[in-house]
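What the coordinates show
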Amino acid sequence: MTLLFDTHTHLDSPKFDEDRDEIIQRAKDAGVHMLVNIGFNRETIPTTMALAEQYDFIYAAVGWHPVDSIDMLPGDLEWIERLCSHKKVVAIGEIGLDYHWDTSPKEVQQLVFREQIRLARKVGKPIVIHNRDAHEDVVRILQEENAAEIGGVMHCFSGSWETAKQCLEMNFYISFGGPVTFQNARVPKEVLKRVPLDRLLIETDAPYLAPHPFRGKRNESSYVSLVAETAAELLGKSVEEIGAITTENGKKCFGID
Ligand SMILES: [Zn+2]
Ligand SMILES: [Zn+2]
């Protein structure tokens, strides 16, 4: 059986309240033998930790999402720092910048982003980066804060090869999700082909961004196999090989043995 690592998912989302156990079983049946669930604000950090404690194969990343950065209170950074010593917490994230939604001012987003990069360097954890319409500022801040020291994942990467190259230079892995499977995804497909094999990751970001042919529907972790299929086609490899390569990379990136 093909083994797959979904490196970015939100199975604690209320969208799975009706059938969460079934969805998790379906992921296992599809060969997903590891996944990282992302807790990104006051509500989802506790629910993510609960999933990681309940299931052996579920790991956790905890951080403060840029869209929610305005809600971060004094003490929240310390909360994240304390959670970093939990054995299932493998990264800080998702953190970054989101200029698509204007719920949090850019200056606040940037400050919260910088603080969490500094925390990650302090505790020695990789970071999971969310970047929407903010390529230049994300790269500049990662450079200024010396994120290369810890590296991490550019999640659901949607940038140009130029941006990917800058992130690779800073020891980041490039992760592709549902959008790379879309027929008109010319740039992501080109970038995927150029990413060094030892830096490639796959993810779902479920329940969002479902891959073809489920575009627009609720996404789930078992669909990471569709992302693996697209990567396999683009790289002229088998799905098994893509599963093995991205599992190895994910384990290395997140320090899982
Ligand atoms: Zn994201
Ligand atoms: Zn996400």
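All values reported here derive from a predicted model rather than from experimental measurement.

Some remarks on the coordination of the zinc ion (ligand 2)
- Here the zinc ion (ligand 2) is held by the protein donor atoms His8 (NE2), His10 (NE2), Glu94 (OE) and Asp205 (OD), which lie 2.1 to 2.4 Å from it.
- For the zinc ion (ligand 2), the four donor atoms in the first shell make angles of 83 to 177° at the metal, a pattern classed as irregular.
- Taken as a pair, the zinc ion (ligand 2) and the zinc ion (ligand 1) show a spacing of 3.5 Å, with Glu94 coordinating each metal. Of the two residues, His8 sits in strand 1 (residues 4–9) while Asp205 sits in the loop between strand 8 (200–202) and helix 8 (224–235), which places them 197 residues apart along the sequence. Of the two residues, His8 and Asp205, neither departs from the other in class, the shared state being buried.

Section: the packing of helix 5 (residues 135–144) against helix 6 (residues 161–169)
- Remark: helix 5 packs on helix 6, axes separated minimally by 11 Å, with the N-to-C direction vectors making an angle of 15°. Looking at the two axes, helix 5 sits roughly parallel to helix 6. Helix 5 and helix 6 meet at a crossing whose hand is left-handed. Packed against helix 5, whose contacting residues are His135, Val139 and Gln143, the element helix 6 presents Thr163, Gln166 and Cys167 at the interface.

Description of the UniProt feature "binding site: a divalent metal cation 1" (unreviewed entry) in the protein
- Taking the numbering used here, the UniProt-annotated feature "binding site: a divalent metal cation 1" (unreviewed entry) corresponds to His8, His10, Glu94 and Asp205. Across 198 residues, the annotated set stays spatially compact, with a maximum C-alpha separation of 11.0 Å.
- Within the secondary structure, Glu94 is located in strand 4 (residues 89–98).
- Apart from the residues within four sequence positions on either side, Glu94 is in contact with His8, His10, Ile38, Phe40, Gly63, Trp64, His65, Pro66, Val128, His130 and His155.
- Separated by 3.1 Å, the side chains of Glu94 and His8 make a polar contact.
- Using a relative accessible area of 8% as the deciding quantity, one classes Asp205 as buried.
- In this structure, Asp205 is in contact with His8, Thr9, His10, His155 and Asn219, ignoring residues within four places of it in sequence.

Details of the packing of aromatic side chains
- This model, assessed by the stated rule, comprises four aromatic pairs.
- Both rings, one in Phe5 and one in Phe254, keep their centres 6.1 Å apart while their planes meet at 50°; by these two values the pair is tilted. Note that Phe5 is positioned in strand 1 and Phe254 in helix 9 (residues 239–254), a separation of 249 residues in sequence. Exposure class is identical for Phe5 and Phe254. Each is buried.
- Measuring from ring centre to ring centre gives 6.4 Å for Trp64 and Trp79, while their planes differ by 65°; the resulting arrangement is edge-to-face. Of this pair, Trp64 sits in the loop between strand 3 (58–62) and helix 3 (76–83) while Trp79 is found in helix 3, placing the two residues 15 residues apart along the sequence.
- Sitting above the plane of the Phe182 ring, Arg215 keeps its charged end 3.7 Å from the centroid.

Some points on the coordination of the zinc ion (ligand 1)
- Every protein donor of the zinc ion (ligand 1) is listed here as Glu94 (OE), His130 (ND1) and His155 (NE2), and their distances to the metal cover 2.0 to 2.1 Å.
- If you list the donors of the zinc ion (ligand 1) from N- to C-terminus, the spacing comes out as E-x35-H-x24-H.
- Under the relative-accessibility criterion, His155 is labelled buried at 6%.

Scoring rules and cut-offs
Residues numbered from 1 in each chain as written. Chains lettered and ligands numbered in written order. Predicted model: local features only at pLDDT ≥ 70, side-chain atom pairs only at ≥ 80, totals over all residues. Heavy atoms only, no water. Donors = N, O, S within 2.8 Å, 3.2 Å for Na, K, Ca; no water. Tetrahedral: all angles 85-135°; square planar, octahedral: opposite > 155°, others 65-115°. Helix = DSSP H or I, 4+ residues; strand = E, 2+ residues; numbered from the N terminus. Buried < 20%, exposed > 50% of the residue type's maximum accessible area, 1.4 Å probe, protein only. Axes fitted to C-alpha atoms, helices over the stretch in contact; angles between N-to-C directions. Parallel < 35°, antiparallel > 145°, perpendicular 65-115°, else oblique. Left-handed = near helix turned anticlockwise from the far one by under 90°. Contact = heavy atoms within 4.5 Å. UniProt positions renumbered as here; feature names shortened; annotations may be inferred. Polar contact = N/O pair within 3.5 Å; in protein donor to acceptor, adjacent residues only side chain to side chain. Phe/Tyr/Trp six-rings, centres within 6.5 Å; stacked < 30°, edge-to-face > 60°. Lys NZ or Arg CZ within 6 Å of the ring centre and 35° of its normal.

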